[in-house]
Amino acid sequence: MIADGIRAQIKSGELAPGDKLPSTSELCRQHDVSAIVVRQAINALKIEGLVEGVGGVGVFVAES
């Protein structure tokens, strides 16, 4: 569900390449889920090539 929402925001242009996603803790609060669930969603988006993580900085929408 989280991955679907972020995926839709990317496809609609609401989130553009280079935009930083909210932190894990913020996504947990927004969706009322655990950090594990958020990490699984982010990992699914990474596998799809939609986002990329920058160590110690955050997760960003990938350049298309």
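What counts, and at which threshold
- Residues numbered from 1 in each chain as written.
- Predicted model: local features only at pLDDT ≥ 70, side-chain atom pairs only at ≥ 80, totals over all residues.
- Heavy atoms only, no water.
- Salt bridge = Lys/Arg side-chain N within 4 Å of Asp/Glu carboxyl O.
- Helix = DSSP H or I, 4+ residues; strand = E, 2+ residues; numbered from the N terminus.
- Buried < 20%, exposed > 50% of the residue type's maximum accessible area, 1.4 Å probe, protein only.
- Core = buried A, V, L, I, M, F, W, Y, C linked by side-chain atoms within 4.5 Å.
- Contact = heavy atoms within 4.5 Å.
- Axes fitted to C-alpha atoms, helices over the stretch in contact; angles between N-to-C directions.
- Parallel < 35°, antiparallel > 145°, perpendicular 65-115°, else oblique.
- Left-handed = near helix turned anticlockwise from the far one by under 90°.

**Student:** I would appreciate a short explanation of the pattern of salt bridges in the present structure.
**Tutor:** Side chains that differ in charge, positive against negative, can pair when their charged atoms come close. Considering all chains together, one arrives at three salt bridges under this definition. The partner of R7 in a salt bridge is D4, and the shortest N-O contact between them spans 2.6 Å. Of this pair, R7 and D4 both sit in helix α1 (residues 2-12), separated by three residues, roughly a single helical turn. Residue classification places D4 among the partly exposed residues on the basis of a relative accessible area of 46%. Where R29 meets E26, a salt bridge forms, and the shortest distance between an N and an O atom there is 3.0 Å. In this pair, R29 and E26 are both assigned in helix α2 (residues 24-31), three residues apart and thus about one turn of the helix distant. E26 sits in the partly exposed class, given a relative accessible area of 29%. What emerges from the salt-bridge pattern is a single network uniting D4, R7 and E48.

**Student:** Sorry, what's going on with the nonpolar core here?
**Tutor:** Among soluble globular proteins, nonpolar side chains are generally buried collectively. Formed by 16 residues in total, the largest nonpolar core has its most connected members in I6, I10, L21 and I42. Sorting the residues of this core by element identifies α1, α2, α3 (35-48) and β2 (58-61) as the ones contributing at least two each. Other than its neighbours up to four places away in sequence, L21 contacts I6, L15, I42, V51, V59 and V61.

**Student:** I tried to follow the packing of α1 against α3 on my own but got confused; where do I start?
**Tutor:** How two helices pack is summed up by the angle between their axes together with the distance between the axes. Between α1 and α3, the shortest axis-to-axis distance is 8 Å and the interhelical angle comes to 45°. It follows from the interaxial angle that α1 and α3 lie oblique. Handedness of the α1/α3 crossing: right-handed. Here α1 contributes I2, A3, I6 and R7 to the contact with α3, which in turn contributes V37, V38, A41, I42, L45 and E48.

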